[in-house]
Amino acid sequence: MLRVIHFFALILLSMGAHAQASTHYVSDDVFTYIHGGPGTEFRIIGSVEAGQPITFNGKTEGDYSQIIDNKNREGWIRSDFVTDKPSFRTRFPEMEKELIQVNEQLNSISLNTDNAAQDLELANQKVTELQAALKTALTERDTARAKVNNDKDEQQFKMWQQGGIIAGIGALIGIILVYLPRPQRRKNSRWM
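Values in this document were obtained by computation on a predicted structure and should not be read as measured data.

Would you take a moment to explain the overall build of the chain for this structure?
Across its full length, the chain carries 2 helices and 7 strands. Going from the N terminus to the C terminus, the chain shows its helices and strands as α-β-β-β-β-β-β-β-α. Put simply, the chain has 192 residues, and 17% of those count as buried. In the chain, 49% of the contacts between residues at least 6 apart in sequence involve partners at least 24 apart. Split by element, the accessible area of the chain, about 16,100 Å² in all, is 59% carbon and sulfur.

Help me understand the side chain of His35, please; the structure alone is not making it clear to me.
Examined against the element boundaries, His35 turns out to sit in strand S2 (residues 32-35). In terms of polar contacts, His35 uses its side chain to reach the backbone carbonyl oxygen of Phe42, at 3.2 Å. With residues up to four places along the chain from it excluded, the contact list for His35 reads Thr40, Phe42, Arg43, Ile44, Ile45, Tyr64, Gly75 and Trp76.

Can you help me understand unusual backbone geometry in this one?
In most cases, non-glycine residues show a negative phi, while peptide bonds are predominantly trans. Positioned with a positive phi, Asn72 is a non-glycine residue whose angle comes to about 60°. In this structure, Asn72 sits in the loop between strand S5 (64-68) and strand S6 (74-78). Assessed through its relative accessible area of 66%, Asn72 is described here as exposed.

Could you clarify how one ought to interpret the pairing of strand S4 (residues 53-61) in this entry?
Each regular strand shows side chains that alternate between the opposite faces of the sheet. Two strands pair when backbone bridges link them, and S4 and S5 are joined in this way by 4 bridges, in the antiparallel orientation. Note that in S5 the partner of Thr60 across the bridge is Ser65. Between S4 and S5, which pair antiparallel and follow one another directly, the connecting turn spans 2 residues, one of which, Gly62, has a positive phi of 65°.

Definitions and cut-offs
Residues numbered from 1 in each chain as written. Predicted model: local features only at pLDDT ≥ 70, side-chain atom pairs only at ≥ 80, totals over all residues. Heavy atoms only, no water. Helix = DSSP H or I, 4+ residues; strand = E, 2+ residues; numbered from the N terminus. Buried < 20%, exposed > 50% of the residue type's maximum accessible area, 1.4 Å probe, protein only. Contact = heavy atoms within 4.5 Å. Areas by Shrake-Rupley, 256 points an atom, 1.4 Å probe, with all protein chains shown as cover. Polar contact = N/O pair within 3.5 Å; in protein donor to acceptor, adjacent residues only side chain to side chain. Pairing = 2+ DSSP bridges.

And the structure:
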C-alpha cells in the first residue's frame, strides 16, 4: 500500500514538475544510465543515448538532475550531461539540408561564373575585332584626308597655273598691241 501511495505521489509531483518542465537534451558525447535517485547508489532504471531529447524538471541535487526521458521514465542523471542545446541528432538533418542548399547555390554561382567567363571571352574577342575595325577605319580616314589635301593643293596649283597663263597671254597681247602700227588718222581736208 505504501508503494501505491508513493507511486501516486510521484505521479502528482511529476505532473506539477511537468508543467514547469522545459525540453533539454542529453549531450551528444555520452551514453548514461538513468538512476532512481540523485547518485550512483540508486538503482538503474534505464539508459539514455547521447542526443536524445529529455525533459528537465528543474530539480538538482548535488551533481545530479531529475529528468523525464523520451519513454516517460522519470529518473536522475549527472547534471553535466544535460544541456539546453539541441543534439547533433536534431541538428544534423537540418545541417544536411542547409549543406544541400548551399551546394546548389554554389553550383548555380559556378555555372553563372562559367557563363560569365564565356561572356567575357566573347566580349574580349568582340573588343579585339572592333579595335581592328577602328584601326582600319582610322587608316582609311587618314588616307582620304591626305588625298583630299593633295587634290586641294593640286587644284590650287592648277588655278595659279591657269591664272599665270592668262596673265602671260594678257601681257603678250599687251606687248604686241604696243608694237602694232597705229592706224593713221584721216585728215579733215580730205573729202572722203
